[in-house]
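Chain by chain, the residues:
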Amino acid sequence: MSRAATSEVGSGFRTLLYKELLRFWKVSAQTVTAPVLTAVLYLLIFSHALQGRVEVYPGINYTAFLIPGLVMMSVLQNAFANSSSSLIQSKITGNLVFVLLPPISHIEFFGAYVIAAVVRGLAVGLGVLLVTLLFTVPPVVAPLWGLAFAVLGSGLMGAVGLFAGIWAEKFDHIAAFQNFFILPATFLSGVFYSIHSLPPTWQVISRFNPFFYMIDGFRYGFFGVSDVSPWVSLAVVGGSFVALSLAIVELLKRGYKLRH
Amino acid sequence: MKYAIEATAVQKRFGSLQALGGVDLAVEEGEFFGLLGPNGAGKTTLISIIAGLTRADAGRVKVMGYDVVGDYRLARRNLGVVPQELVFDPFFTVRETLRIQSGYFGLRDNGAWIDEVMESLGLADKADVNTRALSGGMKRRVLVAQALVHKPPVIVLDEPTAGVDVELRQTLWQFIARLNRDGHTIVLTTHYLEEAESLCNRIAMLKGGKVVALDKTANLLKRHAGAFLHLKVKGELPAALAQGAPREAGGGYRFQLASYDDVESVLAPVRAAGLHIEELQVLTPDLEDVFVQVMSGAPAQERT
């Protein structure tokens, strides 16, 4: 073996991304099929209870209204779950060291985890969409808007998951993050209703919920109707993504909780 | 001169614990270097700082001339670390693990070298077994293989033989010695001092986060004050002589000698008492004796 055969400089990014994709794909029954099933159960139950009784947007039946919200909720929750669970598992089992020892840059590290989260989010979202189409077919007025929010929203939640994974020291911390932040924020974001149906105070509070903008913007892609302008939502979601990404790359650079 | 590893005034504190209190250390290229010390001496902390897994509070560390913080990509490219903890990724087989590890270093087409490493470490027949299903010893081999995928010029092994059977130890040391002959610098921590004595050309001893001894192995062995005399006689030793010499399990006594001249001061009273000597042996100190002496804080002095 020749000494110092390491002059060829390649990047570890591709492999880290591949490993992150393989990680959830190898257990896709848990990571893709299960969340699709959950979303379909929501659709069945809520549309059974509310179909014909509620009309959120004129001319759009409640089941059709529900579909984009459920798709986006699945996208966001699974993007979060992917990066957070991958990182905390590696931390707890100690095999994160395999990623910390190689010359992978902070941005590459960030990118690989977040892109894998986006792919998982979109895979689950697409699964939910395909299955719900069996029940009703919603219109798709502005698909590019929908795609933009799906990608940006899952990127944002992948970044939030990455932050949670960096910060957490045990699985309980991730569960707490999920139960006390992600779950309430998604449920109160307008997945199941339009915020215009809420009392004024709650309407105001909802506007501080980033999930609201992600769901509302995504829904605009289907119906061309939304509670706030899609440009506003795009600015909020995009701005949050950029700000959080910069903060996380800085944390990675400082070795916060990963390199003690 | 470019060192394989150069640590300058490295300090690290964890809360109230001073893990490293200003460590200076330079390992030359091609050395087989031992880092010894009791548990909690700071060996793993120092290795973690070299590997970039931990940040020093003060001081700096370079690997092959590259700063481990400022030039971390080049420093890490030149370094292979076998961590002490037996960690593995349960999602992958041995070959997948090694391919992925190669990829992390930007090496895509590394199959031939992966095969060679697996062969040398006795992993070839486990190549397609999931790492989760391997025994502890086999997992240890995978960790060693992972540290070597990118052919690092500097290889650090943190207690690679802890809880490992004789066969793996021999396989491992043969392979590591070969890498050292090929020019790789090896840094080793171990609690098996006979391993360090036979393998390492130079040794640093850490205690309480400080380097308390640093020298060529041969010099360290010479530095130990004196030797030992094992003596067993028929009947009882004169009380004055037996005093201060620990009694051994077999009924003999162990005398510490400041120098070989002291042999006479033990034998003269024995002769005077007319005792018959059953066993007599002069023992030169091994690394363990040196270690105990250094750790107990006794001044190290040249043996006369």
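All figures in this text were calculated on a predicted structure; none of them were measured in a lab.

S.K.: Mind showing me how you'd approach the interface of chain B and chain A here?
M.R.: Interface extent is often summarised as the accessible area lost during association of the parts. Facing the 39 residues of chain B at the interface are 40 residues of chain A. With both chains or domains summed, chain B and chain A bury close to 3,700 Å², and 59% of this area falls on carbon and sulfur atoms. Linking chain B with chain A are two salt bridges, by the criterion used here. When the shortest N-O distance is used, the salt bridge between E96(B) and K26(A) registers 3.2 Å. Of all the elements, helix α3 (residues 94-104) of chain B adds the most residues to the side of chain B that touches chain A, at five residues. Split into classes, the residues belonging to the side of chain B that touches chain A amount to 18 nonpolar, 10 polar and 11 charged.

S.K.: Looking at this model, I keep getting lost on the pattern of salt bridges. Mind explaining?
M.R.: Side chains that carry opposite charge are capable of pairing whenever their charged atoms lie near each other. Residue and element names in this part refer to chain B. Tallying each qualifying case throughout the model produces 13 salt bridges over all chains. In this structure, D67 and R60 form a salt bridge, with 3.0 Å as the shortest nitrogen-oxygen distance. We classify D67 as buried; its relative accessible area is 13%. The exposure class assigned to R60 is partly exposed, which follows from its relative accessible area of 46%.

S.K.: Sorry if this is basic, but what is going on with the domain arrangement of chain B here?
M.R.: All names here are of chain B. Looking at chain B, the domain boundaries give domain 1 (5-221) and domain 2 (224-295). On a C-alpha basis, the centres of domain 1 and domain 2 stand 40 Å from each other. Taken residue by residue, the interface counts 14 residues in domain 1 and nine residues in domain 2. Between domain 1 and domain 2 lies a buried interface of about 1,000 Å² when both sides are counted; carbon and sulfur atoms form 77% of it. It is L193, M205 and L221 that lose the most area in domain 1 upon contact with domain 2, and together they represent 50% of the buried surface on that side. Inspection of the domain 1/domain 2 interface yields zero salt bridges.

S.K.: Looking at this structure, how should I read the side chain of D227(A)?
M.R.: Residue and element names in this part refer to chain A. Here D227 is to be found in the loop between α9 (210-223) and α10 (230-254). Buried charge without a partner: D227 forms no salt bridge, and the closest opposite charge is R219, 5.4 Å away. Side chain to side chain, D227 and Y57 meet in a polar contact 3.4 Å long. A distance of 3.0 Å separates a polar atom in the side chain of D227 from the backbone nitrogen of I195. Ignoring sequence-local partners within four residues, the contact set of D227 consists of Y57, S194, I195, H196, R207, F212 and D216.

S.K.: Sorry, what's going on with a nonpolar patch on the surface here?
M.R.: Residue and element names in this part refer to chain A. Taken together, the side chains of L37, L41, L44, I45, L134 and F135 make up a nonpolar region of the molecular surface, amounting to roughly 630 Å² of accessible area. As for its placement among the helices and strands, F135 is situated in the loop between α5 (106-132) and α6 (143-167). Overall, the relative accessible area of 43% leaves F135 in the partly exposed class.

S.K.: Can you walk me through the confidence of the model for chain B in this structure?
M.R.: Where the model shows low pLDDT, its predicted coordinates should not be examined in detail. Overall, the prediction assigns chain B a mean pLDDT of 89, with 97% of residues at 70 or greater. Predicted confidence for residues 300-304 of chain B stays below pLDDT 50, and this span has 16 contacts to residues more than four positions away or in other chains.

S.K.: Would you explain the packing of helix α2 (residues 28-50) of chain A against α5(A) in this entry?
M.R.: Residues and elements named next belong to chain A. For the pair α2 and α5, interaxial distance at closest approach is 9 Å and the crossing angle is 45°. Between α2 and α5, the interaxial angle falls into the category oblique. In the packing of α2 onto α5, the handedness of the crossing is right-handed. On the side of α2, the interface is formed by T31, V32, P35, V36, A39, V40 and L43, while α5 contributes R120, A123, V124, G127, V128, V131 and T132. Counted by class, the contact of α2 with α5 contains 10 nonpolar, three polar and one charged residues.

Here is what the cut-offs are and how they apply
- Residues numbered from 1 in each chain as written.
- Chains lettered and ligands numbered in written order.
- Predicted model: local features only at pLDDT ≥ 70, side-chain atom pairs only at ≥ 80, totals over all residues.
- Heavy atoms only, no water.
- Contact = heavy atoms within 4.5 Å.
- Buried area = accessible area lost by both parts, 1.4 Å probe.
- Salt bridge = Lys/Arg side-chain N within 4 Å of Asp/Glu carboxyl O.
- Helix = DSSP H or I, 4+ residues; strand = E, 2+ residues; numbered from the N terminus.
- Nonpolar A, V, L, I, M, F, W, Y, C, P; charged D, E, K, R; others polar.
- Buried < 20%, exposed > 50% of the residue type's maximum accessible area, 1.4 Å probe, protein only.
- Domains from an automatic or database assignment.
- Lys, Arg positive; Asp, Glu negative; His and termini not counted.
- Polar contact = N/O pair within 3.5 Å; in protein donor to acceptor, adjacent residues only side chain to side chain.
- Patch = residues over 30% accessible without salt bridge, like charges linked within 9 Å, V, L, I, M, F, W, Y side chains within 5 Å.
- Areas by Shrake-Rupley, 256 points an atom, 1.4 Å probe, with all protein chains shown as cover.
- pLDDT = per-residue confidence, 0-100.
- Axes fitted to C-alpha atoms, helices over the stretch in contact; angles between N-to-C directions.
- Parallel < 35°, antiparallel > 145°, perpendicular 65-115°, else oblique.
- Left-handed = near helix turned anticlockwise from the far one by under 90°.

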